[in-house]
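Architecture and fold: a report
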Amino acid sequence: MTAPATDLDRIMAVMSAAFDPAFGEAWTRRQVEDALIAGNCHYLLIGPEISETAAVAPVAGFCLSRYGVDEEELLLFAIDPAYRQRGLGRTLLARFAEAAQARGARRLLLEMRKGNSAEHLYRTFGFFPVGERREYYRTPDGQCLDAITFVRDCEKLHLMKN
């Protein structure tokens, strides 16, 4: 799946606003483009209102994922801080899960920095930790941070829709 330049611009704008540079988690535009060129990566955009898909309107958030065999990994997930606490993150996660299931995913994976404030959102959406990688991430200033791997079974999607 490739993305139009305007979508890449909007993804990068949200990433710039949402990811704290102290952690070095944001991807470069080239990394996002390369992932999408691979063919098994997908992205979704969400507008400032839950009902919007952000086809043309401003973008409040995005996610980037990679499908493989019967699982899909959430690679990047971000909501612009100006639009947080409106239910957009939960809505975007639900859309991601539905799209992944439509592609054949039976489970969803994600990995995040330990202490990431998004952990609460992921847990309330049904993700649970299955592993930890000690000192997996390195910040721009050289600090090592642990990563937590989370999983969620797609069979439980119907329980989370309401």
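Residues numbered from 1 in each chain as written. Predicted model: local features only at pLDDT ≥ 70, side-chain atom pairs only at ≥ 80, totals over all residues. Heavy atoms only, no water.

Quick look at the packing of aromatic side chains
The description of an aromatic ring pair rests on the distance of the ring centres and on the angle between the ring planes. What the rule picks out here adds up to four aromatic pairs. Judged by centre distance (6.0 Å) and plane angle (75 degrees), the ring pair of Y122 and F127 falls under edge-to-face. Each residue in the set F77, Y122, F125 and F127 is aromatic and connected to the rest through ring pairs, giving one cluster. Positioned over the ring face of F23 is R113, at 3.5 Å from the centre of the ring. Sitting over the ring of Y136, R133 keeps its end group 4.9 Å from the ring centre. (Phe/Tyr/Trp six-rings, centres within 6.5 Å; stacked < 30°, edge-to-face > 60°. Lys NZ or Arg CZ within 6 Å of the ring centre and 35° of its normal.)

Description of the pairing of strand β6 (residues 144-153)
Among the 10 residues of β6, eight are classified as buried, and the element is accordingly described as predominantly covered. The pairing of strand β4 (residues 107-113) with β6 spans seven bridges and is classified as antiparallel. The residue of β6 that forms the bridge with L110 is F150. One ladder, built from seven bridges, connects strand β5 (residues 128-138) with β6; its direction is antiparallel. The residue of β6 that forms the bridge with Y137 is L145. (Buried < 20%, exposed > 50% of the residue type's maximum accessible area, 1.4 Å probe, protein only. Helix = DSSP H or I, 4+ residues; strand = E, 2+ residues; numbered from the N terminus. Pairing = 2+ DSSP bridges.)

Examining unusual backbone geometry
Positive phi is not limited to glycine here, since V69 has a value of about 55 degrees. Residue position: V69 is located in the loop between β2 (61-68) and β3 (71-79). Non-glycine residue E135 carries a positive phi angle of around 50 degrees. With respect to the helices and strands, E135 occurs in strand β5. A residue is classified by how much of its surface remains accessible, and E135, at 53% relative accessible area, is exposed.

Observations regarding the environment of Y136
Along the chain, the position of Y136 falls in strand β5. For the pair Y136 and R113, spaced 23 residues apart in the sequence, the C-alpha separation amounts to 8.5 Å. Excluding its chain neighbours within four sequence positions, the residues that come into contact with Y136 are E111, L145, D146 and A147. Here the side chain of Y136 touches R133 through a polar contact of 3.3 Å, side chain to side chain. (Contact = heavy atoms within 4.5 Å. Polar contact = N/O pair within 3.5 Å; in protein donor to acceptor, adjacent residues only side chain to side chain.)

Quick notes on the packing of helix α1 (residues 5-18) against helix α2 (residues 29-37)
With their axes 10 Å apart at the nearest point, α1 and α2 run at an angle of 130 degrees to one another. Relative to α2, the element α1 is oriented oblique. Seen from above, α1 lies across α2 with right-handed handedness. Between α1 and α2, the contacting residues are A5, L8, D9, M12 and M15 on the first element and R29, V32, E33 and L36 on the second. When grouped by side-chain class, the residues that make up the contact of α1 with α2 number six nonpolar, no polar and three charged. (Axes fitted to C-alpha atoms, helices over the stretch in contact; angles between N-to-C directions. Parallel < 35°, antiparallel > 145°, perpendicular 65-115°, else oblique. Left-handed = near helix turned anticlockwise from the far one by under 90°. Nonpolar A, V, L, I, M, F, W, Y, C, P; charged D, E, K, R; others polar.)

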